[in-house]
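These are the residues of each chain, in order.
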Number of protein chains: 2
Amino acid sequence: MATIQEVAKRAGVSVATVSRVINKRSKVSMKARIRVEQAIKELNYEPSVLGRNLRNSESRLLLVLLPSISNPFYSEIINGIEDTAIGQGYNILLCETDSNPEREAIYFNMMRNRLADGIILMDPTVNQENLHELASKYPVVQCSEFDEDGNISYVTINNQLAAYQAVKHLIKLGKQKIALINSDEKFLYARERRSGYEKALKEFAIPIEEKWIYNTDNLSFESGQQAMRFLLNQEDRPAAVFAVSDLFAIGALKEINSNGLRVPDDIAVIGFDKISFSNMTYPTLTTVAQPMYRMGCISANMIINKIKGEEVDSLILDHELIIREST
Amino acid sequence: MATIQEVAKRAGVSVATVSRVINKRSKVSMKARIRVEQAIKELNYEPSVLGRNLRNSESRLLLVLLPSISNPFYSEIINGIEDTAIGQGYNILLCETDSNPEREAIYFNMMRNRLADGIILMDPTVNQENLHELASKYPVVQCSEFDEDGNISYVTINNQLAAYQAVKHLIKLGKQKIALINSDEKFLYARERRSGYEKALKEFAIPIEEKWIYNTDNLSFESGQQAMRFLLNQEDRPAAVFAVSDLFAIGALKEINSNGLRVPDDIAVIGFDKISFSNMTYPTLTTVAQPMYRMGCISANMIINKIKGEEVDSLILDHELIIREST
DNA sequence: TTGAAAGCGCTAACAT
DNA sequence: ATGTTAGCGCTTTCAA
């Protein structure tokens, strides 16, 4: 890779002039500009991000930290982030943390090293202290998950309300025995959705049965399947299931089908997220739609504004209950 | 973030000594070492990747370029890459190219800028000239897709053989009218799988019908659904479908079900990849399993060896036909 | 064993 | 309008 010196030499100017041509900030004579551009082309020169950063602390790179890329929920958000960020001249680096604090720490350090200009964080299992220390010095926004009592900007939905509405929908269908397949409650959304579930039951004076609440340790179909197997093994089995992720709901659907039961008559199922696969199942899945793409766009805008030094406000977006065949 | 100077000052030594402590390469007196380590702890110091790279050209970062993270096929590979790379002290940055040459170019430049030590490339739609120029100077390996007449190391499977076996399986089941739902044939795997499909038909003297071959422009359930809709609209409709991706097969399954036809009796369906979804469908999907996790591990090892300056050989892994309910 | 200093590629302040 | 140069944080050679 050619350096700025080589370009300067070839163009017969100083490195400063080359830098000026590249960065367009100050005036350069037409003649010099043309010669520099010519030299850049001939040498196939690209400015070094390293050198520039070291000097400027600007990389035009955004880090997106997510627990796992296999959850389609994140893919949609990322589409939004990328479309928005690229439109504004930023590039995206995806960092899978696997909810592992050590890996998180590595990516946080990339930020401290000014290898990126900002971080969009979608992983909740972060070390809080570490996060706040980072957020106090560098641009950070949270997407979907957030810190309740911190002051880091975020974009999310009203998880409690969404869950409440979902469960109410099941109750209105005449279901009373409603199970909950929940994630690990280290996730804020899991705690909120559980609270919405309980709120709806309470409102209709339905007792909350611990035996119908299952917490998985893993976001996958298999966990949903396993949860459903557990629920079906109860002597008093539920008549409906609210799963906090479409992945769980799809696994549950599968397990119900394999046991010769019918959805929704024997057991109604409702999921969360409206991932594209939720429309491919048999039967199709009732689910709570989150505006994932929009969440992505908004979080990208938020972080870019933050990088520019602006104040940004947190945002709670609307969700929507999508009623399909499974209820 | 503290710098090496501050640490040196606090420890009462020179920056060189601090560097020596950090990098462990040369001898430092016990006394100095302890004082430096103390200062590092007190200042919460982390070496700057930027400064180090600029000097050393080593980042311990790997770039993984993939067309889209929404295809679960890639998620599995990435798991393998990450587990292996992290085990060897490398970190992973995921770069979604969207098959866009401009975005590809940006990530290639990060490599040229020595922001990463190597690239694992899973996107085929790369500008060939650009790729070879890059690969001639920096460590690059290809995973799944590769360049037939280049000399870039790769790991892949025998796509032609796998497709041939899949189609033969359908023929053995008594199916003669076999449709193909294929990707855009800019992908090498798409060309190879088509060739395997044709080879099987020829072997059994079954004519190849263009009307039963559908190329999608997009890897999604919806494309598979659309393809199937097209095939079902033929007056002479196929009795079996070979889809080159489970995503297509799942979309096709959905479309067949919605039309009141039965799988596999009316139409048998076979997919490709054995993504985890493929076991959740109704009926479950027969598919060709690729050792995705292993492909990931191997490509990570290949790139790391390449970075170390070793010669690495390309590898073709085994696949396996997984027969389930859809055939 | 240690320190001083050069230099990696770049930008911006300053000088011309 | 252009050039000279210091310095961003680090490693490594050379000298002591």
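If you're wondering where the values come from, they're calculated on a predicted model, not measured in any experiment. In this numbering scheme, every chain counts its residues from 1 along its sequence in written order. Chain A is the first chain written and ligand 1 is the first ligand written, with later ones labelled in order. Since the coordinates come from a predicted model, pLDDT governs what is reported: local features require at least 70, and pairs of side-chain atoms require 80 or more to be given and counted, while whole-chain, interface and lining totals use all residues. Computation of side-chain values covers all heavy atoms of the structure but excludes hydrogens and water.

## Section: the overall build of chain A
And then number 1: Note on conventions: DSSP H or I runs of at least 4 residues are helices, E runs of at least 2 residues are strands, and numbering of each starts at the N terminus. Counting its regular elements, chain A contains twelve helices and twelve strands.
And then number 2: For chain A, the C-alpha radius of gyration of 25 Å lies well beyond 20 Å, the compact-globule estimate for 327 residues.
And then number 3: Along the first, second and third principal axes, the C-alpha atoms of chain A reach 85 × 40 × 30 Å.
And then number 4: With residues, only the protein chains shown are counted as cover, and all accessible areas are computed by Shrake-Rupley using a 1.4 Å probe. Accessible surface, chain A: about 13,800 Å² in total, of which carbon and sulfur atoms supply 45%.
And then number 5: Positive and negative side-chain charges in chain A, numbering 37 and 42 respectively, have mean positions lying 10 Å apart. It is over C-alpha atoms that the radius of gyration is taken, and the globule rule equals 2.2 Å times the number of residues to the power 0.38. In this count, Lys and Arg are taken as positive residues and Asp and Glu as negative ones, while His and the chain termini are left out. By convention, the charge on Lys lies at NZ, on Arg at CZ, on Asp at CG and on Glu at CD.

## Some details on the UniProt feature "domain: HTH cro/C1-type" (unreviewed entry) in chain A
And then number 1: UniProt tags residues 3-50 of chain A as "domain: HTH cro/C1-type" (unreviewed entry).
And then number 2: Helix makes up 69% of residues 3-50 of chain A and strand makes up 0%, while its end C-alpha atoms are separated by 12 Å. UniProt positions are given in the numbering used here, feature names are shortened, and annotations may be inferred rather than shown by experiment.

## Description of the interface of chain A and chain B
And then number 1: Contact definition: two residues touch when any of their heavy atoms are within 4.5 Å. Counting residues at the interface gives 48 residues for chain A, matched by 47 residues for chain B.
And then number 2: At the boundary of chain A with chain B, total buried surface from both sides reaches about 4,300 Å², with 64% on carbon and sulfur atoms.
And then number 3: We define a salt bridge as a contact between a side-chain nitrogen of Lys or Arg and a carboxyl oxygen of Asp or Glu at a distance within 4 Å. Joining chain A to chain B, the criterion identifies two salt bridges.
And then number 4: A salt bridge links Arg 103 of chain A to Glu 82 of chain B, with the nearest nitrogen and oxygen atoms 3.1 Å apart.
And then number 5: The term polar contact refers here to a pair of N or O atoms within 3.5 Å; inside protein, the definition further demands a hydrogen-donor-capable atom paired with an acceptor-capable atom, and it admits residues adjacent in sequence only when both atoms are side-chain atoms. Linking chain A with chain B are nine residue pairs in polar contact (both at pLDDT 80 or more). Buried area adds together the accessible area that both of two parts lose upon being put together, with accessible area traced by a 1.4 Å probe.

## Observations concerning the protein's contact with DNA strand D
And then number 1: Close to DNA strand D lie 28 residues; Thr 17, Arg 20 and Ser 29 of chain A together with Ile 4 and Tyr 45 of chain B are nearest.
And then number 2: Here, proximity means that at least one heavy atom of the residue falls within 4 Å of the molecule or strand. Taken together, the sugar and phosphate atoms account for 62% of what DNA strand D places within 4 Å of the protein.
And then number 3: Here a phosphate oxygen of DNA strand D and a backbone polar atom of Ser 48 of chain B are 2.8 Å apart.
And then number 4: Interatomic distance of 3.1 Å between a side-chain N/O atom of Arg 52 of chain B and a phosphate oxygen of DNA strand D.
And then number 5: Breaking the surface near DNA strand D down by element, the ones donating at least two residues are helix 2 (15-23) and helix 4 (49-56) of chain A together with helix 2 (15-23) and helix 4 (49-56) of chain B.
And then number 6: Residues belonging to the surface near DNA strand D are distributed by class as follows: eleven nonpolar, nine polar and eight charged. Gly is placed with the polar residues, together with every amino acid not listed as nonpolar (Ala, Val, Leu, Ile, Met, Phe, Trp, Tyr, Cys and Pro) or charged (Asp, Glu, Lys and Arg).

## Section: the pattern of salt bridges
And then number 1: Inspection of the entire model under this criterion finds 26 salt bridges over all chains.
And then number 2: The partner of Glu 148 of chain A in a salt bridge is Arg 191 of chain A, with the nearest N and O atoms 3.6 Å apart. Residue Glu 148 of chain A is found in the loop between strand 4 (140-143) and strand 5 (154-157), and its partner Arg 191 of chain A is found in helix 9 (residues 188-203); the two are separated by 43 residues along the sequence.
And then number 3: Buried means the residue's accessible area, taken with a 1.4 Å probe over protein chains only, is under 20% of the maximum for its type, while exposed means over 50%, and partly exposed covers the values in between. On the basis of relative accessibility, which here comes to 53%, the residue Glu 148 of chain A falls in the exposed class.
And then number 4: With a relative accessible area of 35%, Arg 191 of chain A lands in the partly exposed category.
And then number 5: Across the pair Lys 137 of chain B and Glu 133 of chain B runs a salt bridge, and its minimum N-O distance is 2.8 Å. Taken as a pair, Lys 137 of chain B and Glu 133 of chain B lie in helix 7 (residues 128-137) at a separation of four residues, close to a single helical turn.
And then number 6: What you see here is one network of salt bridges that share partners, running through Glu 185, Arg 194, Glu 198 and Glu 210 of chain A.

## Remarks on the protein's contact with DNA strand C
And then number 1: What surrounds DNA strand C is a group of 26 residues, the closest being Ile 4 and Tyr 45 of chain A together with Thr 17, Arg 20 and Ser 29 of chain B.
And then number 2: Per the 4 Å cut-off to the protein, sugar and phosphate atoms form 65% of the nearby atoms of DNA strand C.
And then number 3: In this structure, Ser 19 of chain A approaches DNA strand C through a side-chain N or O atom, which is 2.9 Å from a phosphate oxygen.
And then number 4: Between a phosphate oxygen of DNA strand C and a side-chain N or O atom of Tyr 45 of chain A, the distance comes to 2.6 Å.
And then number 5: The dominant element in the surface near DNA strand C, judged by the number of residues it contributes, is helix 4 of chain A, at five residues.
And then number 6: Of the residues belonging to the surface near DNA strand C, the class tally is ten nonpolar, nine polar and seven charged.

## Section: the relation of the copies chain A and chain B
And then number 1: The transform that puts chain A on chain B rotates by 180 degrees and translates by 0.1 Å along the axis, for an RMSD of 0.2 Å. Such values leave the two copies arranged in the relation of a two-fold axis. Across chain A, the rotation axis passes nearest the C-alpha of Leu 94 of chain A, at a separation of 2.4 Å.
And then number 2: Interface residue correspondence from chain A to chain B reaches 96%, placing this contact among same-surface, isologous pairings. Least squares is used to superpose the copies, and the fit set is the C-alpha atoms of residues whose pLDDT is at least 70 in both copies.

## What about helix 12 (residues 292-307) of chain A?
Residues and elements named next belong to chain A.
And then number 1: The terminal C-alpha atoms of helix 12, which comprises 16 residues, lie 23 Å apart, in line with the 22 Å expected from a rise of 1.5 Å per residue.
And then number 2: Of all the residues in helix 12, the buried ones are Met 292, Met 295, Gly 296, Cys 297, Ile 298, Ser 299, Ala 300, Met 302, Ile 303 and Ile 304.
And then number 3: Looking one or two residues past helix 12, Gly 309 carries a phi angle of roughly 95 degrees, positive in sign. Take the residue count of a helix, subtract one, and multiply by 1.5 Å to get its expected span.

## Topic: the domain arrangement of chain A
It is common to give the size of an interface as the accessible area that goes away when the parts come together.
And then number 1: By domain assignment, chain A separates into domain 1 (4-47), domain 2 (61-157 + 292-317) and domain 3 (159-289).
And then number 2: Per the annotation, domain bounds derive from an automatic or database assignment of domains. One C-alpha centre belongs to domain 1 of chain A, the other to domain 3 of chain A, and the line joining them spans 62 Å.

## Quick word on the nonpolar core
And then number 1: Counting residues in hydrophobic clusters, the biggest one holds 156 residues, and the most contacted among them are Met 122, Phe 242 and Phe 277 of chain A together with Met 122 and Phe 242 of chain B.
And then number 2: With residues up to four places along the chain from it excluded, the contact list for Phe 242 of chain B reads Ala 163, Ala 166, Val 167, Leu 170, Ala 179, Leu 180, Ile 181, Arg 193, Tyr 197, Ile 270, Gly 271 and Phe 272 of chain B.
And then number 3: The criterion is simple. A nonpolar core is a set of buried Ala, Val, Leu, Ile, Met, Phe, Trp, Tyr and Cys residues joined through side-chain atoms within 4.5 Å. In terms of nonpolar packing, the next biggest core, distinct from the first, is built from 42 residues, Leu 63 and Ala 116 of chain A together with Leu 115 and Ile 152 of chain B among them.

## As for the packing of helix 1 (residues 4-11) of chain B against helix 3 (residues 30-43) of chain B
Residue and element names in this part refer to chain B.
And then number 1: Contact pair helix 1 / helix 3: the axes reach a minimum separation of 9 Å and the direction vectors enclose 125 degrees. As the angle between them shows, helix 1 and helix 3 are arranged oblique. At the point where helix 1 passes helix 3, the crossing takes the right-handed sense. Contacts between helix 1 and helix 3 pair Glu 6, Val 7, Arg 10 and Ala 11 from the former with Arg 35, Val 36, Ala 39, Ile 40, Glu 42 and Leu 43 from the latter. Axis geometry follows a simple rule: fit a line to the C-alpha atoms, using only the stretch in contact for helices, then measure angles between N-to-C directions, giving values from 0 to 180 degrees. Reported orientations rely on four angle classes, namely roughly parallel under 35 degrees, roughly antiparallel over 145, roughly perpendicular from 65 to 115, and oblique for the rest. Crossings are assigned a handedness: left-handed for a near helix turned anticlockwise from the far helix by less than a right angle, right-handed for a clockwise turn.

## Description of the packing of aromatic side chains
And then number 1: Pairing of aromatic rings covers Phe, Tyr and Trp, the last through its six-membered ring, and needs centres within 6.5 Å; plane angles under 30 degrees mean stacked, over 60 mean edge-to-face, and all others mean tilted. On inspection of all chains with the given rule, the structure shows 16 aromatic pairs over all chains.
And then number 2: Considering the side-chain rings of Phe 146 of chain A and Tyr 154 of chain A, the 3.8 Å spacing of their centres and the 20 degrees angle between planes classify their relative orientation as stacked.
And then number 3: Residue Phe 146 of chain A is classed as buried on the basis of its relative accessible area, which comes to 15%.
And then number 4: Judged by its relative accessible area of 17%, Tyr 154 of chain A falls in the buried class.
And then number 5: Three or more aromatic residues joined by ring pairs form one cluster here, namely Phe 221 and Phe 277 of chain A together with Phe 221 and Phe 277 of chain B.
And then number 6: Remark: a charge is flagged as sitting over a ring if the NZ atom of Lys or the CZ atom of Arg is within 6 Å of the ring centre and within 35 degrees of the ring normal. Over the ring of Tyr 164 of chain A we find Lys 199 of chain A; its NZ or CZ atom is 4.5 Å from the centre of that ring.
And then number 7: A cation over an aromatic ring shows up here: Arg 193 of chain B above the ring of Phe 272 of chain B, its NZ or CZ 3.6 Å from the ring centre.

## Focus on the sheet that holds strand 8 (residues 240-243) of chain B
Residue and element names in this part refer to chain B.
And then number 1: Spatial ordering of the open sheet is given by 7-6-8-9-10-12, a layout of six strands whose pairing is mixed. Unpaired on one side and paired on the other, strand 7 (213-215) and strand 12 (320-322) mark the two borders of the sheet. Between one strand axis and the next, the sheet turns through 15 degrees on average, direction left out of account.
And then number 2: The pairing criterion for strands is at least two bridges between them, as found by DSSP. Sheet topology note: the strand 6 (residues 178-182)/strand 7 ladder contains three bridges and is parallel. When the sheet's bridge partners are listed, Leu 180 is paired in strand 7 with Ile 213.
And then number 3: Its contacts with the sheet put helix 9 (residues 188-203) on strand 6, strand 7, strand 8 and strand 9 (268-273), and the angle it makes with strand 6 is roughly 175 degrees.

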